[in-house]
Amino acid sequence: MEHKQNIAIAKEILRLRLSQMLINEKYKAGLFKIPLHIAMGHEAIAVAVDAAMEENDLLVCSHRNMHYNLARTKALKPILDEYFLKKEGLAGAELGSMNLANEKKNIVYTSSILGNNLPVATGLALGHKVKGVNGLVIVQTGDGAMEEGAFYESLLFMKSNSLAALIIVENNEWSMHTRIHERRSPIDLSKFSESLGAKYEKLYENDPYKYTERIKEIREYALKNKTPVVAEVDLDTLGGWYVDVPGSTEKRFIHPHSGPLPKTELAEWPELEHSANDPVFVLHTYFSSDELKAMAQEILKNIKKEIGEV
Amino acid sequence: MKYIEYVNQLIGEKTAITERLVLFGENIAAGSHISGLTKQLRVGKGGLVINTPNTENTHAGAGLGMMLGGVSSILFMKQQDFLLLGIDQLANTYNFIRRKKPAASFTIVFVIVDSGYQGLQSSINNFGDLCSIARIPGFTITNKRDAEEIINTHLVSPGFRIIGVSQRLFGKELSEIETVSVNAEKTLFHYKKGNGATIACFNLSFPYGLTLHEKLKEKGIDASLFSVNSVTPIDWKDIIEDVKKTKNLVVIDDSKSENLSCDNLLVAAYENCKMDHAIAVKRDIKGNDWLWPNLDELRIDYEEIAKKLLG
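Residues numbered from 1 in each chain as written. Chains lettered and ligands numbered in written order. Predicted model: local features only at pLDDT ≥ 70, side-chain atom pairs only at ≥ 80, totals over all residues.

## Topic: the overall build of chain B
Here is step 1: Across its full length, chain B holds nine helices and twelve strands.
Here is step 2: The C-alpha atoms of chain B give 20 Å as radius of gyration, which agrees with the globular expectation for 311 residues (19 Å, within 12%).
Here is step 3: Along the longest, intermediate and shortest principal axes, the C-alpha atoms of chain B span 60 × 40 × 40 Å.
Here is step 4: The 311 residues of chain B split such that 47% are buried.
Here is step 5: Considering only intrachain contacts with a sequence separation of at least 6, the fraction spanning at least 24 residues in chain B is 82%. (Helix = DSSP H or I, 4+ residues; strand = E, 2+ residues; numbered from the N terminus. Rg over C-alpha atoms; globule rule 2.2 N^0.38 Å. Buried ≥ 20, exposed ≤ 12 C-beta atoms within 10 Å, placed from the backbone. Contact = placed C-beta atoms within 7 Å.)

The structure is reproduced here in structure tokens:
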């Protein structure tokens, strides 16, 4: 991989993280009237999808879409303005956060409703087939939404009609404030997908370079074989915090769902976890700390300039 | 020709000449072809006919997704209540798409099961209730004339709508009927002009209205006859002007809904007209009685209505 491309991807990871940190600061200050779903920790897959997408590919998002909108839009201001419900916002204040799409950048549909976007993605893929368009429909969902009947229905419909699609299951193990083992029996997504004849892929450890290469390969496979592919991405939604439990010495973990992250602060070096859980940390595989910190400083300066905070 | 044969013929003529159109649904190209509704349907160049798996939520979303991607489609459903599984799509996805004028068309054509008690699901075959959840343009087909106007105008036009056909009318022979006027949206049909009374039919009650018109004529009452084929907001002006002239209004609504469109007209008539008589013919289902076997046919005492108007 070219060094120049490497830098571009690393810079994107940092831009997405720092943009979300800036959003979080405003969120903590109570400046938004609408709920936002911050997606720190989800940057690697969003950057990889953005890097792999071609002109005729379409992206369909879920309620937690901040990372994809930042990756595709390449700017914070129009998104921030949308969150402020300003007319100059990305969707003219019509969509807010949970339905935010950007048609010009091929995010053609976003839904706030769990599982809702899968049937729509199915229709988009069927539309591609009818029009003879060589493009992939990519739909983002999660470990909560895959519990909905629409997940099964859509995968079955896609496979039955030989539709090329990539279903990205962002598995953060949480549905709002309930972990998988607290709400349901385990689902072996590999067996589930393969039982319907759909290819299954697992992505983990947040390496945006490996993810980009893998998504590009999956893209080619899905288009060539006219089939849906399910890619389960293991990730953590970062920024959770602990609160005291009355009458107990134990503390309770609060997983980020919507709402500001009170313990997360904007920092020039935006790493939140010193582990592979954090895509920002993973960048150390390719760059020195000094290189990364210099990049982050420059990016933060540019974002602040973009939103008029310099 | 029977009602369902004519509806099938009109749909077939339209789909056969429409290019890149997708027809989809369960058993649409197999078995009875939804009791003849989709029999021998063909599509123009580049189109598809798909017998789908039983995935109704996905059908509703896929139709809207195709529309978003610029491809027109028609979804056929054997029963209106099947679509309950797709309500999220009808409301949330449609609300996203309707913000901009779509270039493609998505039409859902389903059968309103109103031919008699078929089980608990029969109680929810209310066309208006389904359309009103997201103010979806919806059209009921009650006769030869409205079938032509609605199918030819709306079936493959840009945008989203639902067309409901009545199971109880499937086997009825269609007769010729002329209109005085039809509005541009094909939601209000004016069939007869008269001076003695104004009859306004709602949902699928046009056949009752036509019978009433004939019965009143026998009694010397020349009535105007309208049919309201949609639940989306309608300009009542034409009917109100007619009621001002006749001073008598008879509304007939065979829906089982608690939210009847005919009530809106009644309010408008009370607000704007000085009437001698306002008669509402609708179902009188109290408490949980709507859940138990109910006749889908309205029992109308035509003599009594005539007596009231003459009195």
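There's plenty left to go through after this.
## Digging into the overall build of chain A
Here is step 1: What chain A contains, in helices and strands, is eleven helices and ten strands.
Here is step 2: What you see for chain A is a C-alpha radius of gyration of 19 Å, in line with the 19 Å of a compact globule of 310 residues.
Here is step 3: Projected onto the principal axes, the alpha-carbon positions of chain A cover approximately 50 × 50 × 40 Å.
Here is step 4: Buried residues in chain A amount to 50% of all 310 residues.

## A short note on the packing of helix 7 (residues 237–246) of chain B against helix 8 (residues 261–272) of chain B
Between two packed helices, both the angle of their axes relative to each other and the distance between the axes serve to describe the pair.
Residue and element names in this part refer to chain B.
Here is step 1: Between helix 7 and helix 8, the least distance of the axes is 10 Å, while the angle of their chain directions is 50 degrees. Classified by the angle their axes make, helix 7 and helix 8 are oblique. Here helix 7 and helix 8 pass one another in a crossing that is right-handed. For the pair formed by helix 7 and helix 8, the contact residues are I239, I240 and V243 on the first element and L265, A268, A269 and N272 on the second.
Here is step 2: Taken together, the residues of the contact of helix 7 with helix 8 sort by class into six nonpolar, one polar and no charged. (Axes fitted to C-alpha atoms, helices over the stretch in contact; angles between N-to-C directions. Parallel < 35°, antiparallel > 145°, perpendicular 65-115°, else oblique. Left-handed = near helix turned anticlockwise from the far one by under 90°. Nonpolar A, V, L, I, M, F, W, Y, C, P; charged D, E, K, R; others polar.)

## Observations regarding the interface of chain A and chain B
Here is step 1: In this complex, chain A contributes 26 residues to the contact, which on the side of chain B involves 27 residues.
Here is step 2: Of all the secondary-structure elements, those providing two or more residues to the side of chain A that touches chain B are strand 2 (107–110), helix 5 (117–131) and helix 6 (149–160) of chain A.
Here is step 3: The greatest single-element share of the side of chain A that touches chain B, amounting to eleven residues, is contributed by helix 5 of chain A.
Here is step 4: Classifying every residue of the side of chain A that touches chain B by side-chain character gives twelve nonpolar, eleven polar and three charged.

## Quick word on helix 9 (residues 208–225) of chain A
Residues and elements named next belong to chain A.
Here is step 1: Taking 1.5 Å of rise per residue, 18 residues should cover 26 Å, and helix 9 covers 25 Å from first to last C-alpha, within 8% of that figure.
Here is step 2: Those residues of helix 9 that sit buried are P208, Y209, Y211, T212, I215, I218, R219 and A222.
Here is step 3: In the segment just after helix 9, K226 is the residue with positive phi, at about 50 degrees. (Expected span 1.5 Å × (residues − 1).)

## Details of the domain arrangement of chain B
Residues and elements named next belong to chain B.
Here is step 1: Looking at chain B, the domain boundaries give domain 1 (3–169) and domain 2 (181–310).
Here is step 2: A C-alpha centroid distance of 27 Å is found between domain 1 and domain 2.
Here is step 3: The partner domain 2 presents 22 residues to the 28 residues of domain 1 that form the contact.
Here is step 4: Counting only elements with at least two residues in the side of domain 1 that touches domain 2, the list comes to helix 4 (127–132), strand 5 (138–141) and helix 5 (144–154). (Domains from an automatic or database assignment.)

## Describing the sheet that holds strand 3 (residues 137–142) of chain A
Residue and element names in this part refer to chain A.
Here is step 1: The strand order across the open sheet built from six strands is 2-1-3-4-8-7, with neighbouring strands paired in parallel fashion. On the outer flanks of this sheet lie strand 2 and strand 7 (199–203), each paired with one strand and no other. Taken over all neighbouring pairs, the strand axes of this sheet differ in orientation by 20 degrees on average, direction set aside.
Here is step 2: Here strand 3 pairs with strand 4 (residues 165–171) via six bridges, running parallel. When the sheet's bridge partners are listed, V139 is paired in strand 4 with I167.
Here is step 3: In the packing of helix 6 onto the sheet, contacts are made with strand 3, strand 4 and strand 8 (228–234), and the angle to strand 8 comes to roughly 140 degrees. (Pairing = 2+ DSSP bridges.)

## Description of the pairing of strand 4 (residues 105–112) of chain B
Residues and elements named next belong to chain B.
Here is step 1: By the criterion of burial, strand 4 is predominantly enclosed, with eight of the eight residues buried.
Here is step 2: In terms of strand pairing, strand 3 (residues 72–77) meets strand 4 through five bridges, oriented parallel. Counted as the bridge partner of I74 is T107 from strand 4.
Here is step 3: Here strand 4 runs beside strand 6 (residues 159–166); their pairing, made up of eight bridges, is parallel.

## Some points on the environment of V243 of chain A
Residue and element names in this part refer to chain A.
Here is step 1: Position of V243 relative to the elements: it lies in strand 9 (residues 241–244).
Here is step 2: When the C-alpha positions of V243 and I254 are compared, they lie 7.3 Å apart, and in sequence the two are eleven residues distant.
Here is step 3: Setting aside chain neighbours within four positions, we find V243 in contact with K251, R252 and I254.

## Considering the sheet that holds strand 3 of chain B
Sheet strands pair via backbone hydrogen bonds, and the direction of the pair is either parallel or antiparallel.
All names here are of chain B.
Here is step 1: Here we have six strands laid out as an open sheet, ordered 2-1-3-4-6-5, and parallel in their pairing. With partners counted over all chains shown, the strands left at the sheet margins are strand 2 (48–51) and strand 5, one partner each. Pairs of neighbouring strands in the sheet enclose a mean axial angle of 15 degrees, with direction left out of account.

## Brief notes about helix 2 (residues 43–52) of chain A
Because each turn of an α-helix spans 3.6 residues, side chains separated by three or four positions end up pointing in the same direction.
Here is step 1: Counting buried residues in helix 2 of chain A gives nine out of ten residues, a clear majority hidden from the surface.
Here is step 2: Burial in helix 2 of chain A covers these residues: E43, A44, I45, A46, V47, A48, V49, D50 and A52 of chain A.

## Focus on the nonpolar core
Residues and elements named next belong to chain A.
Here is step 1: Within the largest apolar cluster, 142 residues are counted, with the highest numbers of intra-cluster contacts made by I45, V49, V60, V137, A165 and L166.
Here is step 2: Broken down by element, the residue count for this core peaks at nine residues, all from helix 1 (residues 3–28).
Here is step 3: With sequence-adjacent residues up to four places away left out, I45 is seen in contact with I168, E170, L203, Y211, V233 and L235. (Core = buried A, V, L, I, M, F, W, Y, C linked by C-beta atoms within 7 Å.)

## Details of the packing of helix 6 (residues 206–218) of chain B against helix 9 (residues 302–310) of chain B
Residue and element names in this part refer to chain B.
Here is step 1: At a minimum axis distance of 10 Å, the contact between helix 6 and helix 9 shows a crossing angle of 55 degrees. By the criterion of interaxial angle, the relationship of helix 6 to helix 9 is oblique. As helix 6 packs across helix 9, the resulting crossing turns out to be right-handed. Contacts from T211, L212, K215 and L216 in helix 6 reach Y302, I305 and A306 in helix 9.

## Comments concerning the confidence of the model for chain B
Here is step 1: Summary statistics for chain B give a mean pLDDT of 94 and a share of 99% for residues scoring 70 or more.
Here is step 2: The ipTM assigned to the predicted complex is 0.94, against a pTM of 0.95. (pLDDT = per-residue confidence, 0-100.)

## Things to note about unusual backbone geometry
Negative phi is the rule for most residues except glycine; trans is the rule for most peptide bonds.
Residue and element names in this part refer to chain B.
Here is step 1: Located in the positive-phi region is R20, a residue other than glycine, with phi close to 50 degrees.
Here is step 2: Among the structural elements, R20 can be located in the loop between helix 1 (3–16) and strand 1 (21–25).
Here is step 3: Note on R20: 19 C-beta atoms within 10 Å, which makes it partly exposed.
Here is step 4: Its identity as a non-glycine residue notwithstanding, K186 has a phi of 60 degrees, on the positive side.
Here is step 5: As for its placement among the helices and strands, K186 is situated in the loop between strand 7 (181–182) and strand 8 (188–192).

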